Every structure is written in structure tokens, then in C-alpha cells.
Amino acid sequence: MLERRVEDFINMEKVIEEFEAVTKDAGRVQIETLRRILEDNSEAEYLQSLGLNGRTDPQSFKNCVPLVTHKDLEPYINRMIDGDLSSILTSNPITTMSLSSGTTQGKPKEFPITSGKALSFIYSSKQFKTKGGLAAGTATTNLFRDSRYIQEMQALKSQCCSPEEVIFGPDFHQSLYCHLLSGLIFCDEVQLVSSTFAHSIVHAFRTFEQLWEDLVADIRDGVLTDRVTVPSLRNAMSKILKPDPDLANIIKTKIMGLSNWYGLIPELFPNAKYVYGIMTGSMEPYLKKLRHYAGDLPLLTSDYGSSEGWIATNVNPTLPPESALYTVLPQIGYFEFIPQNNVDSSFIGVDPEPVGLTQVKIGEEYEIVITTPAGLYRYRLGDVVKIMGFYNSTPQLKFVRRSNLLLTINIDKNTEKDLQLAVEEASKLLAEEKLEVVDYTSYVDVSQDPGHYVIIWEISGESSEEVLGECCNCLDKSFVDAGYTSSRKVNGIGALELRVVRRGTFQKILEHYIGLGSAVSQFKTPRCVGSNNAKVLQILNENVVNKYISSAFNN
Ligand code: AMP
């Protein structure tokens, strides 16, 4: 029955056929997609001001339309937010606004189809109307509230074990508790555990470690803990929560049998087949913990997209996340690629020269530029990808990093990837002590001369001063960028500092961002805190328990 309803809604064969067709002819599809976007938006003031005069070919587009970043578009977007209903970026006024960017089409995301239930840690932040009457919310919020998505969810209704009210609950902690409880209630039916970004899954099971006794008590007594106070959640949960002392005992026995929570997910959900979510890029640091919870279950990384527009799909999800390849969907937008070996020219004010989708070279790294039907033209997304091959004629890429430099004082350049590698290297020393880095961030301290890097770690337990001192030296040595090492040797950059913060500090940062309207489903820990981010710096500073200064470059 369910199979039929799902089939009615998504015709898989047709989707695959279309995918094959567009990828075989990616170059032509790109030209058509650009033409469609420009024709549909020919009335837009932005495009008209650039003198395209109805031309829609890639060369005229490139000649007339400049590369832009979010900052360049802000004046236009602000007018839309303030209620200007004229054709600004698109011909037709935009009705939904994605908070982290300009506009979004909120493409419904396909769930992998199985006939069991999914435990999905998804949350919707509040959607609100701007002064001008636009519905604004984070991309996933707009998605979860999109009528097509709701329709799809309904088609797959018996898929999600949590009641809908839990996704739309106003309090993230209470929703998370109810997601976990719903998962336990339907533990034998859960076939997959998922979230948008892997961080939410790791966060959920870390929370489970803390709260499992309350969850088990709720199942035993059939009474929801009083930590859940929101009436809609209490009401929805009361419909599925019944006293079940046997289940409570089984869960408790399983938990007691675990060693350091290894394999928690398959133990709780014996019929789960896989764990699903975005696991690449800034999610990689959570993979180790996720593997620990997932035991022998495969980790499937989902697609590659952003609030600004969907980009690429993972057609071979069984590859481990480290080798995941994303296949660009040429019909979804018009894509250009800025070669990274050219990027320095942007510092001297020359626009780097992007290439088209089918002109990229295997092995090269590029920053992605997108043009979307929703009114972004030659928009620099800020992501760097590496071309690994082609699927038919469309490129397959690996997500490498965000394009902005993370840590830089003078001639040094370190990206989020460099930081990730340094943290991975240094945390091996902690692993010998059976400890792990729960989360991390960094900033550049230039309050004293010379400036230096500050790396902040939250760790899972107490480590000796000696080991942490070694970790600090190891971090300093692991930044192999020549600008960094040469500056360190002549003290143009001061000794790296490692600060250890109290348990729960990164949870406070998450809460701070939720308070600002971020959806937990989209949360990514900032890997570098700018000096203007006073609140996050304050949270970090208030929670420092220890500081270490590197002696790695002392002679
Ligand atoms: P948001 O701005 O919240 O919509 O997040 C979009 C950003 O998340 C993208 O620009 C990427 O930096 C990152 N992202 C999305 N999908 C992936 C993926 N599959 N792998 C790595 N990073 C991703």
C-alpha cells in the first residue's frame, strides 16, 4: 500500500530517465537553463540595468553580468524585504525568503524510499512575515513548510516516527527529546536514522547519553517528563506514548551492555539499515563520533545544496562519506567555476575568469558560481570543490571547503580544511587517552604584537596538562602552509595558543545561534570566530578552563 502511494508521488524510473538524459547532454542543458532563467526574469530591474537587451547566450551573459557576492545583492534584497513588490531580481515578486541568502525555491528533498520508519532529527525554526509580507525563514524551515514538501511528507507519512508537531515545535530541546522518545517507541520499525547535517545526529545521541534514564522512565510509566512543557508536543506525544515496562527494560538492558556507547544506533534500532545526512565538508569532524554510534551500519551522505539553490546529487550513496562524489544537476541552475589557481587575482581587483560546467578539468579545484531561477545571477557561493570525474557529461565533484580564508595574520593562509587537518592530527594524542575533541573553533588574536592563532577545544573528559601541552605543539606544527611556518620561525606570528573550554560550551554557541533564528537542522559550528562576533567570543572566553602556549618553534 505504502509502496503504491510512494510510487504515485515519485516516479523513480522517470526521475532516473530524466537524470540520464540531462547528464548526457549537460552542455546543451546548461545553455537552455540559462535561457529559461533569463527569459523568465527578463522584466527584472537588475537584469535590465545590465544591458542584456534580451540576449540569453552564455557569452553575452558573461560580458554583461558581473560576479557578485551576497553583499553586492543586499540592497536589492533589503528592498524586497521592505515590501517593494516591483520586479527587482525576478520578474514575479518573490513570496518566500531564505534567511541565510537571497531567495530560495525550496526544492523538496527526496527521502530515500524504504517501507519502514525514519528517525529524522529535523527541526523547523519560526517562519515569519517581513514588513513587506514575505514569508521568511531558514531554508530548511521554508522547505518543511513548503506545501509540496508537506504533501510529500504526507505521502510518506508512516515514514517518520515523530509526530509533525515535534518538527514544528517552538523549543529545540523539547523537540529533540520528543524525537528521541518517538524513536524509542517505534524502535523495531526504525529503518534509518537521519538529519540534514550529520552534526544534528551526533548532537542527538550525545544528548541521549545524558537523558536516557528519563526517556526510559517515560516509556516505563507512559507519562511524558515534565521537561516537555509545550502543549502541542505534550498532546502529540500522548497519542503515541503508552506504559510499556517490557520495552523500558529491554532498552535499559541494551544500554547497560554497551561499551562506551559504541554501536548505540543499531542496538536501539535493530532493523536500521543506514544513517543518512550531509557528512562531508564541515561535517567531517563529526564522522568519527557518528561511526562510533553507528557501529557496523553504513553512513550515507546525502546531496549538496544550499539555501541559494540545489547543486548536485549523490548518485552513489553507498560510497563512504570520505569518497562521496556529487553529480551536478545541469537543469537546476546555470553553473560557472572559478579556477582556484587564479584566485589570487581577486586580491588585486581583477575578476577571476570562470569556466563553464563542461569545461572544468579533472583534478582541479574551483569556487562555484551559480545563477538560479530565483534571482541570483553569477553569485559566488563561497564553496570550493574539486572535480573528480564526469557522470556522462556533467562533472562529479568533491566538496573541499568554504572559499574564504579562515586564519590569516600576514602572509599565512589557512582554510577550514587546514584547521580540520591540524585538529585531527593533534587529537590523535588525545585518543591515546581515550578522549576526543567534541567540537572546536578558532580565532586570530592580534591584540598583542605579533598576532597569533587561538584554537579552542571542548574535550570529552579530563586530560593531563602534559598531553594538552603536546596537543598544542602538535597543532602549531600541523599548519604546514609555508607562509605560516616561515612567519613562526622569525616570530612574525606568535606562538599558537590552545584553549580548553568547559563541557557544554559549544551547546551554548548553538543556543545563541538558534536564538538569532538559525534552524538547528542547518547549524554548522563556525570554525573561525571573527573579532566582530562579540557574543560568541564572550561565550568562549567565559568558559575557558585552561590555556596552553606552543613551544614548537622555540629553539
Ligand atoms: P546553508 O547556507 O545553511 O544553506 O548551507 C549551505 C552550505 O552548506 C553550502 O554552501 C556548503 O558550504 C554546505 N554544504 C551543503 N551541502 C554540503 C555537502 N553535501 N557537503 C559539504 N558541505 C555542504
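Here, the structure is the one placed above.
I will try to describe carefully the structure that is included in this document. (Residues numbered from 1 in each chain as written. Predicted model: local features only at pLDDT ≥ 70, side-chain atom pairs only at ≥ 80, totals over all residues. Heavy atoms only, no water.)

**Considerations on the pairing of strand 17 (residues 452-459)**
Then step 1. The buried count for strand 17 comes to eight of eight residues, which makes it a mostly enclosed element.
Then step 2. Where burial is concerned, the two faces of strand 17 agree: the one with His-452, Val-454, Ile-456 and Glu-458 and the one with Tyr-453, Ile-455, Trp-457 and Ile-459 are both buried.
Then step 3. As consecutive antiparallel partners, strand 16 (residues 437-445) and strand 17 are separated by six residues.
Then step 4. In this structure, strand 17 lies alongside strand 18 (residues 497-501), joined through five bridges in parallel fashion. Bridged to Trp-457 within strand 18 is Val-500. (Buried < 20%, exposed > 50% of the residue type's maximum accessible area, 1.4 Å probe, protein only. Helix = DSSP H or I, 4+ residues; strand = E, 2+ residues; numbered from the N terminus. Pairing = 2+ DSSP bridges.)

**Observations regarding the site of the ligand**
Then step 1. With respect to spatial proximity, 16 residues lie near the ligand, and among them Thr-280, Asp-303, Ser-307, Asp-383 and Lys-524 are the closest.
Then step 2. For the ligand, an oxygen atom lies 2.5 Å from a polar atom in the side chain of Ser-307.
Then step 3. Contact between the ligand and Asp-383: an oxygen atom at 2.7 Å from a side-chain N or O atom of the residue.
Then step 4. When the ligand sits alone it has 500 Å² of accessible area, and the protein chains cover 91% of it.
Then step 5. Looking at the shell around the ligand, the elements with two or more residues in it are strand 8 (304-306) and strand 15 (394-402).
Then step 6. The greatest single-element share of the shell around the ligand, amounting to three residues, is contributed by strand 8. (Near = heavy atom within 4 Å. Polar contact = N/O pair within 3.5 Å; in protein donor to acceptor, adjacent residues only side chain to side chain. Areas by Shrake-Rupley, 256 points an atom, 1.4 Å probe, with all protein chains shown as cover.)

**Here we look at the state of the cysteines**
Then step 1. Here the structure, examined in full by the defined rule, presents zero disulfides.
Then step 2. Its sulfur unpaired, Cys-161 is 6.7 Å from the next cysteine sulfur, which belongs to Cys-160. (Disulfide = S-S within 2.5 Å.)

**Considerations on helix 16 (residues 416-431)**
Then step 1. For helix 16, with 16 residues, the first-to-last C-alpha span of 22 Å sits near the 22 Å given by 1.5 Å per residue.
Then step 2. In the core, the buried residues of helix 16 are packed alongside strand 15, strand 16, strand 17 and helix 17 (465-478). (Expected span 1.5 Å × (residues − 1). Contact = heavy atoms within 4.5 Å.)

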